[in-house]
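Observations on the three-dimensional arrangement
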Amino acid sequence: AAALLLLPLAARWLYYYDPAAGSRRPAIARPDLSQIAEPALAPQAFEDQPGPGTPGMVLVDLAHDNRVQMAELGVLQARLAARGQGLEPLTDAAALADRLRYARALIVASPGTAWKTEEIEHVARFVAKGGRLLLATDPSRYRVLYDEWGTFAALDNDVAHINDLAARFGLVFQSDYLYNTLANEGNYRHIRFTDFAPHPLTAGLEQVVLLGAHSIVSRQEALIWTAGDTRSSSSERAGNLAVAVLAADGQVLGLGDLSFLLEPYNTLYDNDRFIANIADLLSGATRRYDLEDFPFFFEGEVDLVFAGDAQLGRVVR
């Protein structure tokens, strides 16, 4: 029994290795790694030139399990700070209405839970009174869902949680990603965009690179869209796929990508210029206030002046 077990092993060893002639195995060709050219980022110099602006506050939604950290918005925060705007996180959805009373703009990026109907109405009233709204999604921001047996069930992407809010303004983010295997920036999902609508948001742009983007379906004005061989992963349709759309008379901006705001991708081509233009949009809001916004419609220090003689005396309880 032992001989029968060892015989195949001995035969295989004698076939592949002859003690007199050496190994019969052919030499394995190895790639010359020195000849592989790794695509490198080509950062572009940029000098921000913000115009004069009045101080204000931009609210960042973090109350809906958002898949973004405040630190990731550092580039945009620097642009807003240069325009006199502070960036303030919202971690409690119950405080949304109160915080919107004094905010100049609201950023909703890659939420992980859905917006409730009353929350959407608060944002709609905020936009109707002149507030600006930035809606941003990203195909790389998702959560993996498992069933009760621990088996993969589905991918939970952010468009499922932002579309109720976005649809209020005529925008629908698609559950896809754009790709181009022929013309890209070192990766089939890193898409170059050169088609822009004339608008202050696209002023000075010749080419921007988005690091994987959802397409957006809307009847509103498309600011940036695809051309050529760029396709959608869900429909395989090519051409005229919008990735940046302006809605609500220029008050709401929808973006299908979030990664271009992050370092070092902000330095690619005209990405920094695009971020500066977005900061101009958010900081340029002209809010209209009514009595329910008291006292936030006052700017600077407020003097309390009595009309007539002040009735000051001891309070009796």
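Computed from a prediction, not measured in an experiment: that's the story for all the values here.

Conventions and cut-offs
Residues numbered from 1 in each chain as written. Predicted model: local features only at pLDDT ≥ 70, side-chain atom pairs only at ≥ 80, totals over all residues. Heavy atoms only, no water. Helix = DSSP H or I, 4+ residues; strand = E, 2+ residues; numbered from the N terminus. Buried < 20%, exposed > 50% of the residue type's maximum accessible area, 1.4 Å probe, protein only. Pairing = 2+ DSSP bridges. Right-handed = clockwise from strand over helix to strand, strands pointing away. Phe/Tyr/Trp six-rings, centres within 6.5 Å; stacked < 30°, edge-to-face > 60°. Lys NZ or Arg CZ within 6 Å of the ring centre and 35° of its normal. Expected span 1.5 Å × (residues − 1). Contact = heavy atoms within 4.5 Å.

What follows concerns unusual backbone geometry. In this model, Glu-263 is joined to Pro-264 through a cis peptide bond whose omega is 0 degrees. Position of Pro-264 among the secondary structure elements: in the loop between strand S18 (252-255) and helix H6 (271-283). Here the phi dihedral of Asp-65 falls at roughly 50 degrees; this positive angle occurs in a residue that is not glycine. Counting through the fold element by element, Asp-65 comes out in the loop between strand S3 (56-61) and helix H2 (74-81). The phi torsion at Glu-236 lies on the positive side, around 60 degrees, for a residue other than glycine. With respect to the helices, strands and loops of the structure, Glu-236 is situated in the loop between strand S16 (231-232) and strand S17 (242-247).

In terms of residue burial, strand S5 (residues 105-109) counts as a mostly covered element, since five of its five residues are buried. The sheet contact formed by S3 and S5 spans three bridges and is parallel. For Leu-59, the partnering residue across the bridge sits in S5 and is Leu-106. With five bridges connecting them, S5 and strand S6 (residues 132-136) associate as parallel partners. By the bridge assignment for S6, Leu-106 is matched with Leu-133. In this fold, the crossover linking S5 to S6 by way of helix H4 (residues 117-128) has right-handed handedness.

Tallying each qualifying case throughout the model produces two aromatic pairs. The interplanar angle of 20 degrees and the centroid separation of 5.5 Å between the aromatic rings of Phe-260 and Phe-274 together place this pair among those described as stacked. Note that Phe-260 is positioned in the loop between S18 and H6 and Phe-274 in helix H6, a separation of 14 residues in sequence. Directly above the ring of Tyr-177 sits Arg-189, whose terminal nitrogen or CZ lies 4.4 Å from the centroid.

The end-to-end C-alpha distance of H6 is 18 Å, a good match for the 18 Å that 13 residues give at a rise of 1.5 Å each. Counting buried residues in H6 gives eleven out of 13 residues, a clear majority hidden from the surface. For H6, the complete set of buried residues consists of Asn-271, Asp-272, Phe-274, Ile-275, Ala-276, Asn-277, Ile-278, Ala-279, Leu-281, Leu-282 and Ser-283.

What follows covers the side chain of Asp-272. With respect to the secondary-structure elements, Asp-272 resides in helix H6. With a relative accessible area of 7%, Asp-272 lands in the buried category. Filtering out sequence-adjacent residues up to four positions away, Asp-272 remains in contact with Phe-46, Val-75, Arg-79, Asn-266 and Thr-267.

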